[in-house]
Amino acid sequence: MTLIVEEGADRVVWRLNRPQVRNAIDRELVAALHEACAAVEDEPRVVLLTGEGTTFAAGADIAQLRDRDRGDALRGINSRIFDRIHRLPMPTVALVDGYALGGGAELAYACDFRIGTPRTRIGNPETDLGILAAAGAAWRLAELVGEPLAKEILLAGRVLTAAEARAVHLLNDVVEPEDLLAAGHRLADRIAARAPLATRLTKAVFHAPRAAHPFVDDLAQAVLFETEEKHARMTAFLDRRKEPRS
């Protein structure tokens, strides 16, 4: 089993389960991720994504990658699954312990949040292998950390330490390895405490193209204005304000 899935009512934990090869991403793991995505698309929940062992994901499986040809590249084996993860309806959290390199880094970039440990290392060494970071990093990384640093990572092979990644907000937090999963659940708790549909639509509006605004904002708000949950939450807020203070 290359992916362990732990189901919860409002969240799901995905564990990359190839520790013997530092959770390298192969076709079987990609297929398992597609299956896991389908389940979350059908029943939207927060996703916590982590790796078994002391490595998040050391990259794509080089043994398979070496044998891929032009047709494989055009099929976008990794880029399509990472884009699907990026588009999941509820937020996703990458729990990055140890190395996240190449495809492993691109998988982390596709998530909405990233939490690391002091031993986290993130980078894209693809050009050293004669290829490029074609599963999102070539364009997504600049959005996350800015063009100058993105070029240093992509073109000069810089690997960021946990402290460096935290300083540029590529990591939202850095915790000790034994607290990593708990930190992910604490963030999931904060997300789950909010109105689920409002969270889903906020994520969708956030990622909408600039030309879609402000119409898409107004349309999403129109949907939310008609929900019972909006009325109940606002009523509860107003009732709390009426309560006498001791």
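All figures in this text were calculated on a predicted structure; none of them were measured in a lab. (Residues numbered from 1 in each chain as written. Predicted model: local features only at pLDDT ≥ 70, side-chain atom pairs only at ≥ 80, totals over all residues. Heavy atoms only, no water.)

How should I be thinking about the sheet that holds strand β7 (residues 121-123) in this particular structure?
Backbone-to-backbone hydrogen bonds join strands into a sheet, with any given pair of strands oriented parallel or antiparallel. A sheet is described by the order of its strands in space; here three strands give the open sequence β5-β7-β8, paired in mixed fashion. One side of each edge strand has no neighbouring strand; the edge strands of this open sheet are β5 (99-101) and β8 (159-161). Going from strand to strand, the sheet's axes swing by 15° on average, the running direction of each strand aside. Sheet strands in contact with helix α5 (residues 103-110) are β5 and β7, and its direction is about 95° off that of β5. (Pairing = 2+ DSSP bridges. Helix = DSSP H or I, 4+ residues; strand = E, 2+ residues; numbered from the N terminus. Axes fitted to C-alpha atoms, helices over the stretch in contact; angles between N-to-C directions. Contact = heavy atoms within 4.5 Å.)

Any chance you could explain the pairing of strand β6 (residues 113-116) here in plain terms?
The side chains of a regular strand alternate between both faces of the sheet. Taken together, the four bridges between strand β4 (residues 92-96) and β6 define a ladder with parallel strand orientation. Following the sheet pairing, L95 is matched in β6 by I115. Taken together, the two bridges between β6 and strand β9 (residues 173-174) define a ladder with parallel strand orientation. Across the sheet, residue G116 finds its bridge partner in β9, namely V174.

Just checking my understanding: could you explain the sheet that holds strand β2 (residues 11-16) for this structure?
Spatial ordering of the open sheet is given by β1-β2-β3-β4-β6-β9, a layout of six strands whose pairing is mixed. The sheet is open, and its two edges are formed by β1 (3-7) and β9, each paired on a single side. Running over the sheet, α5 touches β2, β3 (46-51), β4 and β6 and is turned about 145° from β4.

Can you help me understand the packing of helix α4 (residues 77-86) against α5 in this one?
The description of two helices packed together rests on the angle between their axes and the distance between the axes. Contact geometry of α4 with α5 gives a least axis separation of 8 Å together with a crossing angle of 25°. Comparing their axes, α5 and α4 come out roughly parallel. You can see that α4 and α5 cross each other, and the crossing is right-handed. Residues F82, I85 and H86 of α4 form the contact with α5, whose participating residues are G103, E106, L107 and A110. Its residues assigned to classes, the contact of α4 with α5 comprises four nonpolar, two polar and one charged. (Parallel < 35°, antiparallel > 145°, perpendicular 65-115°, else oblique. Left-handed = near helix turned anticlockwise from the far one by under 90°. Nonpolar A, V, L, I, M, F, W, Y, C, P; charged D, E, K, R; others polar.)

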